[in-house]
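Each chain, written out:
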Amino acid sequence: MSDETVLRLSIEGADPLLLAGVNDVNLLEVQRALSVRASLRGDSLAIVGPPEQVERAGPVVQGMIDLARIGEAVSPEDVFRLAGDTGTNGNGSAESVLANNEMRILLPGLRRAIVPKTQGQRDYLQCIAANDIVIGIGPAGTGKTYLAVAKAAEALARKRVRRIILARPAVEAGESLGFLPGDLQAKVDPYLRPLYDALEDMMPHDKMLKAIETRTIEIAPLAYMRGRTLSDAFIILDEAQNATGAQMKMFLTRLGVNSRTVVTGDKTQIDLPHREASGLIQIERILPGIEGLAFHYLTDVDVVRHRLVKEIIRAYAEDQNG
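The sections below set out a description of the structure shown in this document.

What counts, and at which threshold
Residues numbered from 1 in each chain as written. Predicted model: local features only at pLDDT ≥ 70, side-chain atom pairs only at ≥ 80, totals over all residues. Heavy atoms only, no water. Helix = DSSP H or I, 4+ residues; strand = E, 2+ residues; numbered from the N terminus. Buried < 20%, exposed > 50% of the residue type's maximum accessible area, 1.4 Å probe, protein only. Areas by Shrake-Rupley, 256 points an atom, 1.4 Å probe, with all protein chains shown as cover. 1 Å grid on protein atoms, 1.4 Å probe; cavity = no way out; pocket = protein on both sides within 12 Å on 5 of 7 lines; lining within 4 Å. Points joined across faces, edges and corners; volume = space filled by probe spheres on them. Nonpolar A, V, L, I, M, F, W, Y, C, P; charged D, E, K, R; others polar. Pairing = 2+ DSSP bridges. Axes fitted to C-alpha atoms, helices over the stretch in contact; angles between N-to-C directions. Contact = heavy atoms within 4.5 Å.

1. Description of the overall build of the protein
- Scanning the protein from N- to C-terminus turns up twelve helices and nine strands.
- Going through the 322 residues of the protein one by one, you find that 49% of them count as buried.
- Here the protein displays about 15,900 Å² of accessible surface, and carbon together with sulfur accounts for 52% of that area.

2. Quick notes on the layout of surface pockets
- For the largest pocket, the calculated volume is near 750 Å³.
- Lining of the largest pocket is provided by 35 residues; of these, G141, T142, G143, Y146 and R305 occupy positions nearest its centre.
- At the level of elements, α4 (76-89), α7 (144-157), α8 (184-200) and β8 (260-265) are the ones that each hand at least two residues to the lining of the largest pocket.
- The leading source of residues in the lining of the largest pocket is α7, at four residues.
- Classifying every residue of the lining of the largest pocket by side-chain character gives ten nonpolar, ten polar and 15 charged.
- One number sums up the size of the second largest pocket: a volume of about 510 Å³.

3. A closer look at unusual backbone geometry
- Not every positive phi belongs to a glycine, and N23 is a case in point at roughly 55 degrees.
- Tracing the backbone shows N23 in the loop between α1 (16-20) and α2 (25-34).
- You can call N23 exposed: its relative accessible area is 71%.
- Not every positive phi belongs to a glycine, and D24 is a case in point at roughly 55 degrees.
- Mapped onto the fold, D24 is located in the loop between α1 and α2.
- We classify D24 as partly exposed; its relative accessible area is 38%.

4. Observations concerning the sheet that holds strand β3 (residues 44-49)
- Strand order in the open sheet made by the three strands is β1-β3-β2, with antiparallel pairing throughout. Pairing within the sheet leaves two strands with one partner each, and these edge strands are β1 (5-10) and β2 (37-41). Ignoring which end each strand starts from, the neighbouring axes of this sheet average 20 degrees apart.
- Here β1 runs beside β3; their pairing, made up of six bridges, is antiparallel. By the bridge assignment, L7 is partnered in β3 with I47.
- Here α2 sits on the sheet and contacts β2 and β3; the angle it forms with β2, its principal contact strand, is near 150 degrees.
- Along the sheet face, helix α3 (residues 51-69) touches β1 and β3 and points at about 15 degrees away from the line of β1.

5. What about the pairing of strand β5 (residues 163-168)?
- With six of six residues buried, β5 is to be regarded as a mostly interior element.
- Of the two faces of β5, the one lined by R163, I165 and A167 and the one lined by I164, L166 and R168 are each fully buried.
- Where β5 lies against strand β7 (residues 233-237), five bridges are found, and the strand directions are parallel. Among the inter-strand pairings, R163 is bridged to a residue of β7, identified as A233.
- One ladder, built from five bridges, connects β5 with strand β6 (residues 217-221); its direction is parallel. Directly across from L166, in β6, lies its bridge partner I219.

6. Details of the sheet that holds β5
- Taking strand neighbours across the sheet as the criterion, the six strands line up as β6-β5-β7-β8-β4-β9 in an open arrangement whose pairing is parallel. Looking at which strands have only one partner, the edges of the open sheet turn out to be β6 and β9 (293-297). The mean inter-strand angle of the sheet, taken between neighbouring strand axes irrespective of direction, is 15 degrees.
- Strands in contact with α7 are β4 (133-137), β5, β6, β7 and β8; relative to β7, the strand with the most contacts, it is inclined by about 170 degrees.

7. Observations regarding the side chain of S278
- Tracing the chain through its elements places S278 in the loop between β8 and α11 (279-286).
- Take S278: its relative accessible area is 1%, and that puts it in the buried class.
- Not counting the four nearest positions on each side in its chain, S278 is found in contact with A240, Q241, A243, G245, I270 and L272.

Encoded structure:
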């Protein structure tokens, strides 16, 4: 059609399958989200549509190409997020992807780099690099724990610390450890499973098991931290909204020489009997202003799971505020 324009972008250096996805699912998402047609021909990707839509789609598709060039498998959620980045802040998605690439984490035995996918995630990694204690607060799916575990694995691989310690309060919605079968370890393992999952995504399984066996990596309930001094360690407290004030104070005062701590939590998912009892709420009130300790807030904009997760989080927030 005469009122349509064509933009061709080089995909040289990018794996076409990583870029387009299985059955061209990512190109179909470009079509759905941006009202243009996208097709791969040889070493170029063509975008066809009304001039204003093609202009908007250009940075989004370039961002997809840049992701594929660094070995990242592009997903429909990436397309949705890149389209949102371009529409909301005017920053070119390609520039955003390249800036995120500067913060990528390379781990031994991992074929792909771990790369922040939003500016909020990039700022979070910079915050962890610049402070000894970081409190990361935000909704589900924003990468709070995943990126913290990646930084811990990087610090261990580069011998900046001698061990990783991952802790979680053994409190979940409406459940009691006493009613679970098995010994104490069997009872707490389900609560710690998300931390195992994150680690398994970052190192070969046998290497992870050996590290846990030698206690180079320790995954334990928060209660196990009492009375210890944690030196030469990268320490993460996950689901910190379910730590009481006393537990939080106990945990934060375990910090030893040459150690770094990241605390992650979601204030909308407190499972304690009384919300005000949350240690996360308390430290948010009393700790700001301490040098070397920083708070970083992630929002629904930083959600990198299925795009419906972002919509669900927003719907709950609107219901709570309305």
